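So the chains spell out like this:
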Amino acid sequence: MGRFILNRLLQAIPVLLVVITVTFFLVRLAPGGPFSAEKAVPPEVLKALEIKYQLDQPVIMQYFSYLGDLLQGDFGPSFKYPGRSVSELIFSGLPTTAELGIYALLISMLLGTAAGVVAALKPNSAQDYIPMSTAMIGICLPSFLLGPVLMLIFGIGLEWVPVSGWGNIPGDKILPALTLASGYTAYVARLSRGGMLEVMSQDYIRTARAKGLPEWVVVLKHGLRGGIIPVVAFAGPAFAGLLSGSFVVETIFQIPGLGRFYVQAAFNRDYTVIMGTTVFFATLIIVFNLLSDIAVAWLNPKLRGRQQGSIQSGANE
Amino acid sequence: MSLLQVNNLSVWFYTRNGVVKAVNDLSFSVNVGQTLAIVGESGSGKSVCCYSLLGLIPCPPGRIESGTADFDGQDLLSLPIKQLRQIRGQHIATIFQDPMTCLNPYLSIGEQLIEPLIYHKNCSRHEARDRAIALLEEVGIQQARGRFNNYPHQFSGGMRQRVMIAMALIAEPRLLIADEPTTALDVTIQAQILELIAEIQRKRNLAMIFISHDLAVVKDIADHIAVMKDGEIVETGPTKSIFDAPQHHYTRELLAAIPSGSKPESSTVSNTVTSNPPLIEIEHLNTWFGGKNAIVKAVDDISLSVERGKILGVVGESGSGKSTLGRSILQLVRPSSGEIRYDNIELTTLKPRALKTLRRRMQMIFQDPYASLNPRMSVFDTLAEPLLYHGLATRKTVTPQVLELMDDVGLAHSAIKKYPHEFSGGQRQRIAIGRAIAVKPEFIVADEPVSALDVTIQKQILELIENLVEKHQLTMLFISHDLSVVRYLCDRIVVMHKGRLVEQGDTETIWANPQDAYTQQLLSAIPSLQDQQPRSRHHETGDSGNRSSE
């Protein structure tokens, strides 16, 4: 297992390098720059700024000096927020985004799995169709539509929960977490339904029934352990996706998270912040994929005890 | 006294293609301390009938149309599911066919074993554990205490079936349903498991329903036999009378289909004339797998030769290396060392290009006709492909050649446009054989070509192979775990055990006078219709395999 993890971490290096390189040159290809604002900056000031941030040097030199800084763990300074480093910016927004992500992950895993299992127990019946059609709607509805609709109904209409904010009024975390979780919940429901359907048709489920076990034991003890594997495999990429994809929800609900920095940085051509956040998210995605694969391997007794060899990753489609 | 009395049981399946009467108007009874064997081919409804008693068939599409099943004063078929669950596992226990798929791979065997005690007898986990360990030891699992927390994949097939038997017995049932409990096992293991089941049945005075497709297997174990065909019992009676005086023609057909006796005289004519020059000579062949730490010697220093126009049988249990031997000869796996001469051409050092032209002369037939045919290719595509690829036909001339092939293997011309899923197992194997002989090879490796087939179909395919070998002057390496099949077909046999060749010689010579201890063990383990010498079954040998280091 140790060797497997080491291998995967080594594989991550070229992946990260490609991400860094592509992002670095793409943001510089985009028209405009960090200091091109509506109000024209005097040329001498611009010149001084460019020298300060080494933007006067050839792009290829900037690239290598960025890589060098990165190796030392230095994401560089922000161009738009003078005096603040990119690392500071990331870690000031991360706790909020992570909290939101964890809530959304828990909701999607628990609710999604439950819905999927219920649907799988009676395939092609109302018990299957109702949760699965709801899931389909969940997948189709984008969060920038679902968020405002939930706000309208539960915030303004029924006045059950606050409309926006984060951590100021009790209950204001409910709507953003639900909105962010909706698409993932639906996907998890479909995954767990598929997994359970497959497992429940296995011979060993018949064995369990033939032993006279109550049906809930058959389903939860004998079925779920195998049926949940696709969900576990998806959990890692899902969490990375929740973290990096939360900017829409953060914008709708006025949440001071990492996602909003990301979007603003892109508009502002804040090169170092874009780069830093991208590298950070890429690392997260790699790490969470790896964690998922380890969890999946651990769930399978055949792979658990294995010292070496490859563990197939079923997570990244 | 009858413990279970089934009357007029009908189970129908409502499928898209119409109603399948899987079980139709079936009546039978099982007495305490007695064994009823239900014998029939796949699809005859024997498993469905037993599973429906326990409510284990999927409904829909299945539906119990009529009937009663009186078990100890209760009608199983009209019992509410809650009460039926009390009977399942506690009073009626089941041993399933395939211990590979019927044990939950995600739970330790101990956990699976104690469940019936916990849910039926309200045992504490501690108490259940002690009883489970005692029972595991009784069914022949050594060091049961240490292996209690092992997972199914850490056991060999025979050991898993022992675990399954222990699981069935743990709640002290009164009726045991054994559904083909030995079909997935090797012949020596089969003998051990059969003996174990018989012993347990005697010791506990159980009533037992033993389902099998193989009359030879049930001969020693059953008191009564019911022969099933197409959902109905065509004949039933005491075991002795079924074997001595079968009434129904289907029973007679089943009995006749069991390969027994030696190779028929007709084809041994050429055999007696001369010994032919060898087509294939193998010297000190080794095929090893694995890395630095764990080398598996799948083929270990084997030397043999195959004479032109003869069928050489390779016999051994699963894992003995017989398939690897066949694949090594065809260079489908590259041997680690040794020489293979095909018609005096050394294959092991041959360049890929030269090998490709030789490939046409060597073909292979695989075990599972379901897996080895491409489901998206019609019969025509399957048979035409090798002809076109090797340039033996052009697009214009290929059709008559395909039709000729279909005649050869006994397929109707009308089937030419059909796809594999439209055929039965036996017909599929005919297609696979047709593909193998399409390019007019001289040499064929047949890897267990009949072991996935029902016994009557098996007989037809064996006859087909025999005819084709004669007609096309083929040389064949016939790999099988089934000694009766090999005896029926092969001129010479070699016996493999753990990668090594333990004995070789003329089939009948080995049959009459096996020299090697392992060959003797193999022969004595074959369930046979004739009453032969008393069987000396070797109990704990061979099946103590531990798979923990796969």
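Residues numbered from 1 in each chain as written. Chains lettered and ligands numbered in written order. Predicted model: local features only at pLDDT ≥ 70, side-chain atom pairs only at ≥ 80, totals over all residues. Heavy atoms only, no water.

### Considering the domain arrangement of chain B
Here the domain parsing of chain B yields domain 1 (2-91 + 174-257), domain 2 (102-172) and domain 3 (265-361 + 441-525). Relative placement of domain 2 of chain B and domain 3 of chain B: their C-alpha centres are 39 Å apart. (Domains from an automatic or database assignment.)

### Details of helix 11 (residues 249-257) of chain B
Residues that lie three or four places apart on an α-helix share one face, since the helix turns once every 3.6 residues. Residues and elements named next belong to chain B. Inspection of helix 11 places Tyr250, Thr251, Leu254, Leu255 and Ala257 among the buried residues, and these make up the whole buried set. In an axial view of helix 11, the angular spread of the buried residues amounts to 165°, which keeps them on one side of the axis. For helix 11, the secondary structure elements touched by its buried residues are strand 3 (35-39), helix 9 (215-218), strand 9 (224-229), strand 10 (232-238), helix 10 (239-244) and helix 18 (455-471). (Buried < 20%, exposed > 50% of the residue type's maximum accessible area, 1.4 Å probe, protein only. Helix = DSSP H or I, 4+ residues; strand = E, 2+ residues; numbered from the N terminus. Arc of directions from axis to C-beta. Contact = heavy atoms within 4.5 Å.)

### Focus on the pairing of strand 1 (residues 2-15) of chain B
All names here are of chain B. Relative to strand 2 (residues 18-31), strand 1 runs antiparallel, the two being bridged by 10 bridges. Within the sheet, the bridge partner assigned to serine 2 lies in strand 2 and is asparagine 31. Between strand 1 and strand 2, which pair antiparallel and follow one another directly, the connecting turn spans 2 residues. Note that strand 1 and strand 4 (residues 62-71) share 8 bridges and pair antiparallel. Within strand 4, the residue paired with valine 11 across the bridge is isoleucine 64. (Pairing = 2+ DSSP bridges.)

### Details of the packing of aromatic side chains
The way to describe two aromatic rings as a pair is by their centre distance and the angle between their planes. Taken as a whole and judged by the stated rule, the model has 14 aromatic pairs over all chains. Ring centres of Phe91(A) and Phe280(A) lie 6.1 Å apart, and the angle between their planes is 75°; on these two criteria the pair is classed as edge-to-face. Taken together, the residues span a long stretch of sequence, with Phe91(A) in helix 4 (residues 86-121) and Phe280(A) in helix 13 (residues 271-299) at a distance of 189 residues. For Phe280(A), a relative accessible area of 15% puts it in the buried group. When the ring of Tyr51(B) is compared with that of Phe96(B), the centres are 5.7 Å apart and the planes differ by 50°; the resulting orientation is tilted. Placement of Tyr51(B) in helix 1 (residues 46-53) and of Phe96(B) in the loop between strand 6 (92-95) and helix 3 (99-102) is noted, with a sequence separation of 45 residues between them. Taken individually, Tyr51(B) and Phe96(B) each receive the classification buried, so the pair is uniform in this respect. Every member of this aromatic cluster is reached through a ring pair, and the members are Phe24(A), Phe25(A), Tyr63(A), Phe64(A) and Tyr66(A). (Phe/Tyr/Trp six-rings, centres within 6.5 Å; stacked < 30°, edge-to-face > 60°.)

### What to know about the interface of chain B and chain A
In this complex, chain B contributes 25 residues to the contact, which on the side of chain A involves 22 residues. Across the chain B to chain A interface the summed buried area is about 2,300 Å²; carbon plus sulfur atoms make up 59%. Considering only the side of chain B, the residues that lose the most area to chain A are Arg85(B), Tyr106(B) and Tyr119(B), jointly responsible for 28% of the buried surface there. Remark: the boundary between chain B and chain A carries 4 salt bridges. The salt bridge involving Glu111(B) is made with Lys221(A); its shortest N-O contact spans 2.5 Å. Across the chain B-chain A interface, the total number found is 12 residue pairs in polar contact (both at pLDDT 80 or more). Secondary structure elements with two or more residues in the side of chain B that touches chain A: strand 6, helix 3, helix 4 (109-120) and helix 7 (157-169) of chain B. If you tally residues by element for the side of chain B that touches chain A, the top one is helix 4 of chain B, at 6 residues. (Buried area = accessible area lost by both parts, 1.4 Å probe. Salt bridge = Lys/Arg side-chain N within 4 Å of Asp/Glu carboxyl O. Polar contact = N/O pair within 3.5 Å; in protein donor to acceptor, adjacent residues only side chain to side chain.)

### Topic: the pattern of salt bridges
Close approach of charged atoms lets side chains of opposite charge pair. All names here are of chain B. Counted by the stated rule, this structure contains 31 salt bridges over all chains. Across the pair lysine 46 and glutamate 180 runs a salt bridge, and its minimum N-O distance is 3.5 Å. Of the two residues, lysine 46 sits in helix 1 while glutamate 180 sits in the loop between strand 7 (175-179) and helix 8 (187-204), which places them 134 residues apart along the sequence. An identical accessibility class is assigned to lysine 46 and glutamate 180; each is buried.

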